[in-house]
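Per-entry structural report
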Amino acid sequence: MTGCCTVLGAFLFEYDTPRIVLIRSRKVGLMNRTVQLLILAYVIGWVFVWEKGYQETDSVVSSVTVKAKGVTMTNTSKLGFRIWDVADYVIPAQEENSVFIMTNMVITMNQTQGLCPEIPGKTTVCETDANCTAGSAGTHSSGVSTGRCVSFNGTLKTCEVAAWCPVEDDTEVPKPAFLKAAENFTLLVKNNIWYPKFNFSKRNILPNITTAYLKTCIYDAKTDPFCPIFRLGKIVESAGHSFQDIAIEGGIMGIQIKWNCNLDRAASFCLPRYSFRRLDTRDLAHNVSPGYNFRFAKYYRDLNGAERRTLIKAYGIRFDIIVFGKAGKFDIIPTMINIGSGLALLGVATVLCDVIVLYCMKKRYYYREKKYKYVEDYEQGLGNQMDQ
Amino acid sequence: MTGCCTVLGAFLFEYDTPRIVLIRSRKVGLMNRTVQLLILAYVIGWVFVWEKGYQETDSVVSSVTVKAKGVTMTNTSKLGFRIWDVADYVIPAQEENSVFIMTNMVITMNQTQGLCPEIPGKTTVCETDANCTAGSAGTHSSGVSTGRCVSFNGTLKTCEVAAWCPVEDDTEVPKPAFLKAAENFTLLVKNNIWYPKFNFSKRNILPNITTAYLKTCIYDAKTDPFCPIFRLGKIVESAGHSFQDIAIEGGIMGIQIKWNCNLDRAASFCLPRYSFRRLDTRDLAHNVSPGYNFRFAKYYRDLNGAERRTLIKAYGIRFDIIVFGKAGKFDIIPTMINIGSGLALLGVATVLCDVIVLYCMKKRYYYREKKYKYVEDYEQGLGNQMDQ
Amino acid sequence: MTGCCTVLGAFLFEYDTPRIVLIRSRKVGLMNRTVQLLILAYVIGWVFVWEKGYQETDSVVSSVTVKAKGVTMTNTSKLGFRIWDVADYVIPAQEENSVFIMTNMVITMNQTQGLCPEIPGKTTVCETDANCTAGSAGTHSSGVSTGRCVSFNGTLKTCEVAAWCPVEDDTEVPKPAFLKAAENFTLLVKNNIWYPKFNFSKRNILPNITTAYLKTCIYDAKTDPFCPIFRLGKIVESAGHSFQDIAIEGGIMGIQIKWNCNLDRAASFCLPRYSFRRLDTRDLAHNVSPGYNFRFAKYYRDLNGAERRTLIKAYGIRFDIIVFGKAGKFDIIPTMINIGSGLALLGVATVLCDVIVLYCMKKRYYYREKKYKYVEDYEQGLGNQMDQ
């Protein structure tokens, strides 16, 4: 008991600190201080100031709504005079983080279930029924082959298919784009972000934006960097593409919103940064289904109650709103990890200088004698000690 | 060769350890131990126990399906008696991580392509044709102006537009909300999560939930925290808002599912935590398109084959299911990083105590003498050594 | 001033290095070198080579488009002969990161607003009007009860509801699946990824893929691992399920694209890896709405202008494209953190050996005497110093 207390006491009231050789030398001293300074500068300057190593970080959680505005008219022989508004060209009517604006289309009206000749192509042109396999449906077929070879027009015969008739002919995409006026449509992007770790939330309609401003502003990187209303044409141009080109075959545009926030500063410094990028890197070498398009149909009944549909192959631009960013806030854990490993790095200064002093300098034996005390093992020869 | 072996042998069979001054002093000893204890407590308590610094973490990958249930009826002069079920009020029918429930609407029936007067507004009221610019289509227009000024009703004249006629009049939103009974609709949220790094997956319908329970339960934070069926009204109330208010102009609600899992424990402790948040912070100062709404149309053909549509401006609540969370599992890398930097921090204790002992205490010269051995450079004066 | 310079000079031209006891002992030396080697091997081998601790990492930002292809026909007594193409079975027509393929359906044609008997069930079968509560609408009701008990067929009476009539009867799901031929449909997945931190982007259609190859290839893990066209049947089989089973009640399939890239190597080594997983772990114990289905309707007008609809309860497979991955690139910060903590860990070797040498070995008193210099505090007894 008493012995235990003595040991505990001895342990508690003890303080151990390494014994140090303090070498007073201009060369070595300066070298040592320089190396220490460099490491300190790195730790403080780079890790703490530049990379904010004292901060805990969190990734953004976001919600987005997009509202398109704009109306245009077209006048073609097929469709006649027609007005296109939001309900016509936004498909589907709402999505979570993106919006699709139809800019071009191949429309096939009044389709019914029936039998009709295929569109002429490599595998569909035929001369006799023997060229058509009944019941087959290839990946690119419009329907299921009946096995008959029928007249497509006066000169050409193609395999007959059971399909929605007449079959869609998408060999020619309208040029210029059917809804080329979509260039002037606008998107209002409302974005609300949240950093769960710091319970910090903010929206892209900043507090200092007035209603009057919102009614008239259009985003511009220089003059209106915080206006959340974007002209489609400007988005595409900012990404370095031509709207009229992309409008023909469609594409995917990314509206990137970057929220990099230093939450150690005031919340008002946490601002959205918009940038635009084309996401479907159009590669001229790979024109298998270039751009972006999909098919949808409007179904209705004719006077006899039979189902009919208008098939639309919609080409257009899908605008994906991509929200990303990191928020940082002072936290003791990363600070301590960085201080700890910074201190460990300071030890490198001593190791480096030791190597130079003890191995490279002329007076190395003199310094070694000062730093080391050699202790030989008993067996190898006791008493052979070179003290200091 | 032999020399090389000797050097290698000397290197292999050498062991160097710093020489230590062991000061036996109550004051200094206690101080030293206290600082060491604090650092140790921080490293173990905070880094390892609280922040689980010994764990590798991974972010969740999730898939969500949502199914709405509920039916209600309305009786208005315009639409007559009408029943609304899931296929009527969920638009679009399916989405990936969200579901939109229509709660209010401005319906414009039997629209056709044609010419009609605009809804009166600041820029649309006119007195003569001179007030209307032919061919113009503003951001907020319903159509393309023909340049004529026509009678809107007996007293008022507005510019004529080519548009889907009659033009939608959304100046008055129904109050209370048209489908106010949506408060009692329910959402069944099925969520499956996966932590790729640990190949751990789980669903929010826990193994101990019975089919009978699932048929009748409604989520409640206190009584049924793991029931995946939510009453719309309760979701909105939990977020601190009034359902009947939000139903009028729409909004975005976040259903947050948090999967924070310590995979060092049994999988059954890894449980979903639900919380609710309104994502479109309704800011009274900014009522440019407040809430959430969008337009869609149902197209059909009249007896003459002309295209007609019913335009619906749908106000409603979009429920975004936001799944987040981190799983942690023991891993040697972060453990070692934290132990390494913890050890480095322990060195701080010695540095701190050294500063006090060698610079602040009365007996500082005595201690300095014990700790340091001063070695002068030859040039500056040999033999001027103050050993210990 | 002069004093200050002297102190500064002394500080600058000083170099302190710990004094070391160098013990020449085979046992202790070997032990020490072994422990150091192990720690060094861990730091270099595990942290740097295996876990690439010298790299900064970034998470992927991705955009996805999916295009389904395929056509099939059905021949049933209810619908007659019918062709199904993309516009019929993909609902909605486009989504951001997923695509839904309808494989089965319960179709209820020609529904109108009206009064009709409920489908028989536990709560709907009645004998008198007293069994039916007027105005009630349960979670699973098709409409709002009128309070009357009417004949459902010759033998059975059920409560009457105001609803879209006739009411949908989904008690029997078609087996085998209605569109069982969907097994041969294909999906073309176009995926574009971006690592914002490194400004590195790539697409899953690799540069060496030719157009001819893209026209004919089908993904196969062994023969065509980089073909972005997937046969639905193969996807489901790769995940270990039967397509015909999943087609009946629907389900969610995950198409996972993993982009783990080491950007210190050439960009051509950064390749997508596809894998497939069923996301709705079908749990036989919980068959509350098993699989995946939703309802949608096609609206039209009959000859009298009344609204009618065809209600479709669509069962099918939702393919969620899940893109994940991390890119790593050399960065000085994590390298330094890991070196720092590796060095700190090297200190552990000395601590471990010290414990053994000073507390466990026979000659511990001899070594202790060499390592420590004991300094007693004045008060406790000056001059009681045991110097080496």
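What counts and what doesn't
Residues numbered from 1 in each chain as written. Chains lettered and ligands numbered in written order. Predicted model: local features only at pLDDT ≥ 70, side-chain atom pairs only at ≥ 80, totals over all residues. Heavy atoms only, no water. Disulfide = S-S within 2.5 Å. Helix = DSSP H or I, 4+ residues; strand = E, 2+ residues; numbered from the N terminus. Least-squares fit on C-alpha atoms with pLDDT ≥ 70 in both. Contact = heavy atoms within 4.5 Å. Buried area = accessible area lost by both parts, 1.4 Å probe. Salt bridge = Lys/Arg side-chain N within 4 Å of Asp/Glu carboxyl O. Polar contact = N/O pair within 3.5 Å; in protein donor to acceptor, adjacent residues only side chain to side chain. Nonpolar A, V, L, I, M, F, W, Y, C, P; charged D, E, K, R; others polar. Pairing = 2+ DSSP bridges. Buried < 20%, exposed > 50% of the residue type's maximum accessible area, 1.4 Å probe, protein only. UniProt positions renumbered as here; feature names shortened; annotations may be inferred. Domains from an automatic or database assignment.

Examining the state of the cysteines
- Under the counting rule described, the total for this entry stands at 15 disulfides over all chains.
- The side chain of C132(A) participates in a disulfide bridge whose partner is C159(A); the two sulfur atoms lie 1.8 Å from each other. In this structure the cystine formed by C132(A) and C159(A) twists about its S-S bond by roughly -90°; its chirality is therefore left-handed. Residue C132(A) is found in the loop between β7 (98–117) and β8 (144–151), and its partner C159(A) is found in strand β9 (residues 157–165); the two are separated by 27 residues along the sequence.
- Across the disulfide from C217(B) sits C227(B); the S-S distance is 2.0 Å. Taking the sign of the torsion about the S-S bond as the criterion, the disulfide between C217(B) and C227(B), at about 75°, is right-handed. Here the residue C217(B) occupies a position in the loop between α4 (211–216) and β12 (229–231), and C227(B) occupies one in the loop between α4 and β12, the gap between them amounting to 10 residues.
- The connectivity of the disulfide bonds within chain A can be written as 1-6, 2-4, 3-5, 7-8, 9-10, using the sequence rank of each bonded cysteine.
- As a non-bridged cysteine, C353(B) has C360(B) as the owner of its nearest cysteine sulfur, 11 Å distant.

Digging into the relation of the copies chain C and chain B
- When chain C is fitted onto chain B, the two copies agree to an RMSD of 0.2 Å after a turn of 120° and an axial shift of 0.1 Å. Seen this way, the second copy is the image of the first under a three-fold rotation axis.
- Interface overlap between copies is the fraction of interface residues in one copy that are interface residues in the other; for chain C against chain B it is only 19%, indicating separate surfaces.

A short note on the interface of chain C and chain B
- Contact with chain C, which involves 90 residues of that partner, is made by 76 residues of chain B.
- Surface buried jointly by chain C and chain B totals about 7600 Å² across both partners, of which 54% is contributed by carbon and sulfur atoms.
- Linking chain C with chain B are 5 salt bridges.
- In this structure, E307(C) and K298(B) form a salt bridge, with 3.1 Å as the shortest nitrogen-oxygen distance.
- At the surface where chain C touches chain B, the tally comes to 28 residue pairs in polar contact (both at pLDDT 80 or more).
- A class-by-class count of the residues in the side of chain C that touches chain B yields 41 nonpolar, 24 polar and 25 charged.
- Across 5 bridges, strand β2 (residues 20–24) of chain B lies against strand β19 (residues 372–376) of chain C in parallel orientation.

Digging into the sheet that holds strand β14 (residues 261–262) of chain B
Residue and element names in this part refer to chain B.
- The 3 strands are arranged β3-β18-β14 in an open sheet whose pairing can be described as mixed. Two strands bound the open sheet, and with one partner strand each, they are β3 (55–59) and β14.
- Bridge count for β3 against strand β18 (residues 326–330) is 5 bridges, and the pairing is antiparallel. Bridging from a neighbouring strand, Q55 pairs with F330 of β18.

Observations concerning the pattern of salt bridges
- All chains considered together, the criterion is met by 48 salt bridges over all chains.
- Across the pair R82(C) and D88(C) runs a salt bridge, and its minimum N-O distance is 3.7 Å.
- Judged by relative accessible area, which is 6%, D88(C) ranks as buried.
- Through salt bridges with shared partners, a single ionic network connects R82(A), D85(A), D88(A), K298(A), E307(B) and R309(B).

Side note on the UniProt feature "binding site: ATP" (unreviewed entry) in chain A
- Those residues carrying the UniProt feature "binding site: ATP" (unreviewed entry) are K67(A), A68(A), K69(A), T186(A), N293(A), F294(A), R295(A) and K313(A) in this numbering. In terms of the greatest pairwise C-alpha distance, the residues named above, spread along 247 residues, do not form a single cluster, extending to 24.0 Å across.
- Excluding anything up to four places from it in sequence, A68(A) contacts V86(A), V90(A), I101(A), T186(A) and L187(A).
- Counting through the fold element by element, T186(A) comes out in strand β10 (residues 186–195).
- When residues no more than four places from it in sequence are discounted, the contact partners of T186(A) are K67(A), A68(A), K69(A), I218(A), I229(A), F230(A), R231(A) and T139(B).

Some thoughts on the pairing of strand β6 (residues 80–84) of chain C
Residues and elements named next belong to chain C.
- In this structure, strand β5 (residues 72–76) lies alongside β6, joined through 5 bridges in antiparallel fashion. The residue bridging M73 from the neighbouring strand is I83, located in β6.
- In this structure, the hairpin formed by β5 and β6 is closed by a connection of 3 residues.

A closer look at the interface of chain A and chain B
- Across the boundary between the two partners, chain A contributes 77 residues, which contact 91 residues of chain B.
- Summed over both partners, the interface of chain A with chain B buries about 7600 Å², with 54% contributed by carbon and sulfur atoms.
- Of all residues in chain A, Y15(A), R19(A) and Q94(A) bury the most surface against chain B, accounting for 12% of the area lost on that side.
- Applying the counting criterion to the chain A and chain B interface returns 5 salt bridges.
- E14(A) is the partner of R33(B) in a salt bridge, and the nearest nitrogen-oxygen pair spans 3.9 Å.

Some thoughts on the domain arrangement of chain A
- When its domains are assigned, chain A resolves into domain 1 (19–54 + 332–384) and domain 2 (60–118 + 167–329).
- Between domain 1 of chain A and domain 2 of chain A, the C-alpha centre-to-centre distance is 60 Å.

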